[in-house]
Amino acid sequence: MKENNGKIRRLIITSFYIFILFGLPLWWKTTEVYRAQLPFAEIEEWSNWEAFDLEFPTQFIIYVANVETSTINCANLSSNLENSIASRYNVNHSKEASNGKRQKSVRFPVKIRSLDWSDWKNDLQYGNLENLNLVSENGQYILYILPNTNSNPNTKVLVGNQRQAIIEINQWDTSVIEKTVSDLIVSLFMSEQAAIKKFIIEPLSNSKVELDSMRTMKYSPQYQVTFSLMNGDPSDLLVNWDIEEAVDKYLQFFVNKISMISNLTVDSQIQHYARLTFEPYHKADENYFFLTPELLPHFINAAEWNLASAVSSYPTLNFILYVPSKEQSPLYIQDSKGNIAESNAFLIPRWGGVIIKNPERSTGIHNFSLEELKSIMSIFITQLRGLLGVHDVWTEAKHALDVTTSIEFVTPPNTAVTMWEFDSLIRRRIAENIVTSITTLKSLSQLVTEIPNMVVLDHIQTEVFLALDNLAKSCTNLYNNQYNLALYHSKKAIELAESAFFDPTMVSMLYFPDEHKYAIYMPLFVPISVPLLVALHREIKNFKINKRVK
């Protein structure tokens, strides 16, 4: 009887352990977090810059006027120019990793083709760009070189807004032509190269490029542009504006042009009783109020001015036309030297711009007409250009050229951006998007690795693979001088990478770590496991005693 009881007891204990043996894996499998496999090795290659070399090629076609006494050889001119620019153009930037391997390589190759221009006298007169051949591709430019036919000793350069330029050489000599063309190309592209180098090689450098990037908005596929007319005191003056007509006439061309990079949605509003949070300084002898540079950061009354967009979740660019109250009029902005700013406007980096106007108050009503808004919109567009990253290369080009070279730039009639500026912006945005995509994917990889309870669903895996594929396509298009396609794929890459990183499903298990599991299951399993362990120990002890007796 005792032997049968012992067998039954052992069977019961064994059944418990069999249940545990098969139940634990089943419990572990049914309670684990689903994690689709991400391409960690490929992401690591991109983050270490081992997957590719980044190139931003440019091509120049140079038409050289066929002068009777000329001995210029076009083939030699092309070769000499390429060598000259290669020595000054910073055509290769690379940085070595700590393990000695080459990483983060970016190159700016230049290809030049010189052609004989036999009928130049009939094709062109200086100042006329309408009959020139136009280039429709980013990264391809045409230069027309002809002798200076007047008595002006300086070399004259006319840069058009359709990727072409005319150069009138004062001294028709091969060495002079080479130096002039080389100086022009370097001056037009050097600042852009510095910006791209900053994005890729030295993202934390304290340079002028870094200051420019602090002013420019972070890339977004869409921005909300809000124009606000802020009235300090409507009891004294009622204001209105023809903003819709002004946007259609002065801004819409720019919006259409920039839409290839980012879409701009425009709205407007009028707010009354928009008072300042501080008292501006008063100059009693001239009876006007003024703001110093120290007061400008405190100008926006964020607590009372409703500037948040309720129609879009995209970044907002605010442009404010401020009309001060009678007690603070006229109101001006002074610079650090005490001079009144001519535009009476200032830019707020990565936020927007402000213009202060002091209209006539005698009638108690003022409407900013379409004509009056022309100068205001011109300032707003200039501020918008800076916030979107459109750099004025002309100022730097003028300073970089020799004093014997006079340069003139044809201003765009409606778009407020030339093709040279637009091409430069595209190349900068491509570099920024590629680097941001790689950084985002690397952060995602680290996050998933460090937090084992984070959910990774199949659609996140798909987005990561698609982001890497678009990165590869963008770099391939860059290499092939297809900047528009490279921009498209870089935009897709950053959208997919950020969509995967900020996916809401990835945080569902973020606050349920293993420690919480132990705290929940230990009160249940410990009381059960102690009797089982004691019973197992007792059975083993009895088995040894019975074996010894036998």
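Residues numbered from 1 in each chain as written. Predicted model: local features only at pLDDT ≥ 70, side-chain atom pairs only at ≥ 80, totals over all residues. Heavy atoms only, no water.

## Structural notes on the overall build of the chain
Then, number 1: A count of helical and extended segments in the chain gives 13 helices and 19 strands.
Then, number 2: For the chain, long-range pairs separated by at least 24 residues make up 79% of all intrachain contacts whose partners lie at least 6 apart in sequence.
Then, number 3: Within the structure as shown, the chain displays about 28900 Å² of accessible surface, and the carbon and sulfur contribution to it stands at 55%. (Helix = DSSP H or I, 4+ residues; strand = E, 2+ residues; numbered from the N terminus. Contact = heavy atoms within 4.5 Å. Areas by Shrake-Rupley, 256 points an atom, 1.4 Å probe, with all protein chains shown as cover.)

## Focus on the packing of aromatic side chains
Then, number 1: Following the criterion strictly, the structure yields 18 aromatic pairs and no others.
Then, number 2: Geometrically, the ring pair formed by Y141 and W420 is stacked, given 4.6 Å between the ring centres and 20 degrees between the ring planes. Pair noted here: Y141 is in strand β6 (residues 140-147) and W420 is in helix α10 (residues 419-450), with a separation of 279 residues, a long-range link. W420 carries the same exposure label as Y141, and that label is buried. (Phe/Tyr/Trp six-rings, centres within 6.5 Å; stacked < 30°, edge-to-face > 60°. Buried < 20%, exposed > 50% of the residue type's maximum accessible area, 1.4 Å probe, protein only.)

## Topic: the pattern of salt bridges
Then, number 1: Per the counting criterion, the structure on display carries twelve salt bridges.
Then, number 2: Here K283 ties to E286 by a salt bridge, and the two come within 3.6 Å at their closest N and O atoms.
Then, number 3: Close ionic contact of R429 with E432 constitutes a salt bridge, the shortest N to O distance being 2.6 Å. Here R429 pairs with E432, and both are found in helix α10, just three residues apart, close to one helical turn. Comparing R429 with E432, the two get one shared label, buried. (Salt bridge = Lys/Arg side-chain N within 4 Å of Asp/Glu carboxyl O.)

## Section: helix α8 (residues 372-388)
Then, number 1: Between its first and last C-alpha atoms α8 spans 25 Å; for 17 residues at 1.5 Å apiece the expected length is 24 Å, and the two agree.
Then, number 2: Of the residues making up α8, those classed as buried are L373, I376, M377, F380, I381, Q383, L384, R385, G386, L387 and L388.
Then, number 3: Downstream of α8 by one or two residues, G389 has phi in the positive range, about 95 degrees. (Expected span 1.5 Å × (residues − 1).)

## A look at the nonpolar core
Then, number 1: In this structure, F56, I200, F227 and M377 are the most contacted members of the largest nonpolar core, which totals 80 residues.
Then, number 2: The element that contributes the greatest number of residues to this core is α10, accounting for twelve residues.
Then, number 3: Residue contributions to this core reach at least three from each of two domains, namely domain 2 (55-208 + 393-417) and domain 3 (217-388).
Then, number 4: If we skip the residues at most four places from it in the chain, F56 touches V106, R107, F108, P109, I196, I200, R427, I430, A431, L478 and Y483.
Then, number 5: Of all hydrophobic cores here, the second largest spans 31 residues; its members include V110, V157, L401 and W420. (Core = buried A, V, L, I, M, F, W, Y, C linked by side-chain atoms within 4.5 Å. Domains from an automatic or database assignment.)

## Some words on the side chain of S220
Then, number 1: Among the structural elements, S220 can be located in the loop between α6 (208-215) and β9 (222-231).
Then, number 2: With relative accessibility at 6%, the residue S220 sits in the buried group.
Then, number 3: Those residues in contact with S220 that lie beyond four places of it in its chain are S262, Y314 and P315.

## With respect to a nonpolar patch on the surface
Then, number 1: On the surface, a cluster of nonpolar side chains totalling about 470 Å² of accessible area is made up of Y518, M522, V526, V530 and V534.
Then, number 2: Among the secondary structure elements, Y518 is positioned in helix α13 (residues 514-549). (Patch = residues over 30% accessible without salt bridge, like charges linked within 9 Å, V, L, I, M, F, W, Y side chains within 5 Å.)

## Concerning unusual backbone geometry
Then, number 1: The linkage connecting S329 with the following residue, P330, adopts the cis geometry, with an omega of -10 degrees.
Then, number 2: You can see P330 is positioned in the loop between β14 (316-323) and β15 (331-333).
Then, number 3: A positive phi angle is found at N344, which is not glycine, with a value near 55 degrees.
Then, number 4: The residue N344 is located in the loop between β15 and β16 (345-348) in this model.
Then, number 5: Non-glycine residue N481 carries a positive phi angle of around 65 degrees.
Then, number 6: Inspection of the secondary structure assignment puts N481 in the loop between α11 (458-479) and α12 (483-501).

## Observations concerning the confidence of the model for the chain
Then, number 1: Averaged over every residue, the pLDDT of the chain is 83; the share at 70 or more is 87%.
Then, number 2: The model gives residues 204-209 a pLDDT under 50, and that stretch makes six contacts with residues more than four places away or in other chains. (pLDDT = per-residue confidence, 0-100.)

## Considerations on the sheet that holds strand β19 (residues 405-409)
Then, number 1: An order of β5-β2-β6-β8-β7-β19 is seen for the six strands of this open sheet, with the pairing classed as mixed. Each edge of the open sheet is held by one strand with a lone partner, namely β5 (110-117) and β19. Looking at each pair of strands side by side, their axes are set apart by 20 degrees on average, direction ignored.
Then, number 2: In the sheet, strand β2 (residues 58-65) pairs with β6 via six bridges, with the strands oriented parallel. Pairing of Q59 across the sheet is with Q140, part of β6. (Pairing = 2+ DSSP bridges. Axes fitted to C-alpha atoms, helices over the stretch in contact; angles between N-to-C directions.)

## A look at the UniProt feature "transmembrane region" (unreviewed entry) in the chain
Then, number 1: Mapped onto this numbering, the UniProt entry annotates "transmembrane region" (unreviewed entry) at residues 12-28 and 518-536.
Then, number 2: Structurally, residues 12-28 is divided into 100% helix and 0% strand, and its ends, taken at the C-alpha atoms, are 24 Å apart.
Then, number 3: In this annotation, residues 518-536 is assigned 100% helix and 0% strand; the end-to-end C-alpha distance for the span is 24 Å. (UniProt positions renumbered as here; feature names shortened; annotations may be inferred.)

## A look at the pairing of β16
Then, number 1: As paired elements, β16 and strand β17 (residues 352-356) share four bridges and run antiparallel to each other. Each bridged residue has a counterpart across the sheet, and for A345 the counterpart in β17 is I355.
Then, number 2: Where β16 hands over to β17, the hairpin turn is made up of three residues, of which R350 adopts a positive phi near 55 degrees.

## Overview of the sheet that holds β17
Then, number 1: The five strands are arranged β11-β9-β14-β17-β16 in an open sheet whose pairing can be described as mixed. Each edge of the open sheet carries a strand with a single partner, namely β11 (263-272) and β16. Averaged over all neighbouring strand pairs, the angle between strand axes comes to 15 degrees, with direction disregarded.
Then, number 2: Contacts from helix α7 (residues 243-258) reach β9 and β11 within the one sheet, and its direction differs from that of β11 by about 155 degrees.
Then, number 3: α8 contacts β9, β11, β14, β16 and β17 of the sheet and is inclined by roughly 150 degrees relative to β14.

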